[in-house]
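Below are the chains, spelled out letter by letter.
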Amino acid sequence: MPSGKHRVVQMSRTFCASLLTERAISPETGDVDRRPREQSGEVLYEFVVEGLLSARACAAFPELQATHVGEQTRLTGPVDGRAGFRSVLNRLDTMALTPIAITQLFPVT
């Protein structure tokens, strides 16, 4: 890989869904126990996608503020619980946009 170049890692839908699931391994059996993460109320998130989204594309995310940084678009704003998080992921998927980073910044109080 040439120096100065970054490899873009695409996140699969399965990976995105796993962000909403806690995994606990039972010490007795070694089984993985999956249960939905408790997430209620608004949480501030940042979704980073490759490329510069147009104003029309950004309008699909009225709850998020778009900022262009280099050749990426950062969509930042409050997301209301698990349903809101999945809604943003579904809209990204519908628009064929793959998030290259998703960061939970902090709960909105």
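Residues numbered from 1 in each chain as written. Predicted model: local features only at pLDDT ≥ 70, side-chain atom pairs only at ≥ 80, totals over all residues. Heavy atoms only, no water.

Looking down a regular strand, the side chains alternate between one sheet face and the other. Note: strand β4 (residues 65–69) against strand β5 (residues 72–80), five bridges, orientation antiparallel. Bridge pairing in β5 places V69 opposite Q72. (Pairing = 2+ DSSP bridges. Helix = DSSP H or I, 4+ residues; strand = E, 2+ residues; numbered from the N terminus.)

The next point concerns the confidence of the model for the chain. The predicted model of the chain averages 75 in pLDDT, with 61% of residues at 70 or higher. Taken as a whole, residues 1–24 scores under 50 in pLDDT and shows 42 contacts with residues more than four places along the chain or in a different chain. pLDDT under 50 marks residues 34–38. Its contacts with residues more than four places away, or in other chains, come to 13 contacts. (pLDDT = per-residue confidence, 0-100. Contact = heavy atoms within 4.5 Å.)

Attention now moves to the pattern of salt bridges. As enumerated under the stated definition, the model contains two salt bridges in all. When the shortest N-O distance is used, the salt bridge between E46 and R74 registers 3.4 Å. With E46 in strand β3 (residues 42–50) and R74 in strand β5, this pair connects stretches of sequence that are 28 residues apart. By relative accessible area, R74 is classed as partly exposed at 24%. Put simply, R91 and E63 hold a salt bridge, and the shortest N to O gap is 2.5 Å. Here the residue R91 occupies a position in helix α3 (residues 81–94), and E63 occupies one in the loop between α2 (55–58) and β4, the gap between them amounting to 28 residues. (Salt bridge = Lys/Arg side-chain N within 4 Å of Asp/Glu carboxyl O. Buried < 20%, exposed > 50% of the residue type's maximum accessible area, 1.4 Å probe, protein only.)

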